[in-house]
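Secondary and tertiary structure notes
Okay, here's what each chain looks like letter by letter:
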Amino acid sequence: MLSKNELKKLKSFARKKQRDEAGVFIAEGPKLVAELMPAFKCRTLVGTAEYFRAAPPAPASAVCLIATPDELRQISLLTTPHQVWALFERPADAPLSAFSPKEDLILALDSVQDPGNMGTILRVADWFGIRSVFLSEGCVDAFSPKVVQATMGALTRVSLRRGNLAEWLSGFSANEVNIYGTFLDGADLYQNQNLQSCGIIVMGNEGNGISPEVARFVNSRLLIPPFPKDAATVESLNVAVATAVVCAEFRRRQSL
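Structure report, in brief. (Residues numbered from 1 in each chain as written. Predicted model: local features only at pLDDT ≥ 70, side-chain atom pairs only at ≥ 80, totals over all residues. Heavy atoms only, no water.)

This brings us to the overall build of the protein chain. Secondary structure summary: the protein chain contains ten helices and ten strands in total. Across its three principal directions, the C-alpha atoms of the protein chain cover 60 × 40 × 35 Å. Out of the 256 residues belonging to the protein chain, those deemed buried represent 48%. Taking as baseline every contact in the protein chain between residues at least 6 positions apart, the subset at least 24 positions apart corresponds to 76%. Accessible surface, the protein chain: about 12,900 Å² in total, of which carbon and sulfur atoms supply 53%. (Helix = DSSP H or I, 4+ residues; strand = E, 2+ residues; numbered from the N terminus. Buried < 20%, exposed > 50% of the residue type's maximum accessible area, 1.4 Å probe, protein only. Contact = heavy atoms within 4.5 Å. Areas by Shrake-Rupley, 256 points an atom, 1.4 Å probe, with all protein chains shown as cover.)

See below:
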């Protein structure tokens, strides 16, 4: 069982301010925690006795605490708590050298604010082998609990950097880097002959799309067409779904 002080301390990490001050993020569930363990330094591991009996030995860096199922429910941020709750050390931003659009395909997110969307997009990037994702300053925290859970371990394979997206894009001239973006007035994604294996794919905010300050650097405007083209449909796709469609088409072209 946890002491009252231990329980109080662990519950405090539900607050973003506390996590930020400690430089940590939360992950829950045996599968996700096992995925993250080799990639991030684990500071605290809280699990049931059953979990610790079945799990591999914890790293030396981790303080291990045995908790009852009820205590786990008290600190968990999930509707249905799992057998383990962990605090990992939050990594620093990936260096700019990891973002080389002349050599690889980079994903850039312009103020994506929904945690579920962010987590799904990072899973999409991982699935399609996009190893670097640039986040604008208006994006949701990629290490917030809901995002971490939604990534299903993709954080171990995708490098992240947060910064001024427009400023970063301004460093590339139009004739040296393809900067793609999705717009309702763009060219048909499936007919576009300019989809390259290197460049930057910009995806915009859930409600407003790509901001004007970022849009001015996009030199290849794309449209995901509805089917059939003249059918009455919803106004737009969810940004995570749109990201999956765009990335799938880029990779399909590479495989031809």
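Taken in spatial order, the six strands of this open sheet run 7-6-5-9-8-10, and their pairing is parallel. Pairing within the sheet leaves two strands with one partner each, and these edge strands are strand 7 (159-163) and strand 10 (220-223). Between one strand axis and the next, the sheet turns through 35 degrees on average, direction left out of account. When strand 5 (residues 105-109) meets strand 9 (residues 199-203), the two strands line up parallel, connected through five bridges. Looking at the pairing, Leu107 lines up with Ile201 of strand 9. Sheet strands touched by helix 6 (residues 115-127): strand 5, strand 6 (132-136) and strand 7. Its angle to strand 5, the strand with the most contacts, is close to 175 degrees. (Pairing = 2+ DSSP bridges. Axes fitted to C-alpha atoms, helices over the stretch in contact; angles between N-to-C directions.)

This paragraph deals with the pairing of strand 1 (residues 24-28). Across a regular strand the side chains alternate sides, sitting on one face of the sheet and then on the other. Burial of strand 1 is extensive: five of the five residues sit out of reach of the surface. Neither face of strand 1 is left uncovered, since the one carrying Val24, Ile26 and Glu28 and the one carrying Phe25 and Ala27 both have all their residues buried.

Here the focus is the environment of Asn208. Secondary-structure assignment places Asn208 in the loop between strand 9 and helix 9 (212-215). Taking relative accessible area as the criterion, Asn208 reaches 68% and is therefore assigned exposed. Separated by 42 residues in the primary sequence, Asn208 and Phe250 have C-alpha atoms spaced 24 Å apart.

Here we come to the nonpolar core. If you look at soluble globular proteins, the nonpolar side chains tend to sit buried side by side. Residues Phe88, Leu107, Leu109, Met118, Leu122 and Val133 are the most contacted members of the largest nonpolar core, which totals 48 residues. Sort the elements by how many residues they give to this core and helix 10 (residues 239-255) lands first, with six residues. When neighbours within four sequence positions are excluded, Leu107 is seen to be in contact with Ile121, Ala125, Ile130, Ser132, Val133, Phe134, Ile201, Met203 and Thr243. With 20 residues, the next largest nonpolar core counts Ala108, Phe172, Val202 and Val214 among its residues. (Core = buried A, V, L, I, M, F, W, Y, C linked by side-chain atoms within 4.5 Å.)

Moving on to the sheet that holds strand 3 (residues 63-66). Taken together, the four strands give an open sheet; going across it, the order is 1-4-2-3, and neighbouring strands pair in mixed fashion. Only two strands of the sheet have a single partner each, and these edge strands are strand 1 and strand 3. Strand-to-strand twist in this sheet, taken as the mean axis angle between neighbours without regard to direction, amounts to 15 degrees. Summarising the sheet, strand 2 (residues 42-47) and strand 3 pair through four bridges and their orientation is parallel. Bridge pairing in strand 3 links Thr44 to Val63.

Distances and angles like these do not, on their own, reveal function.
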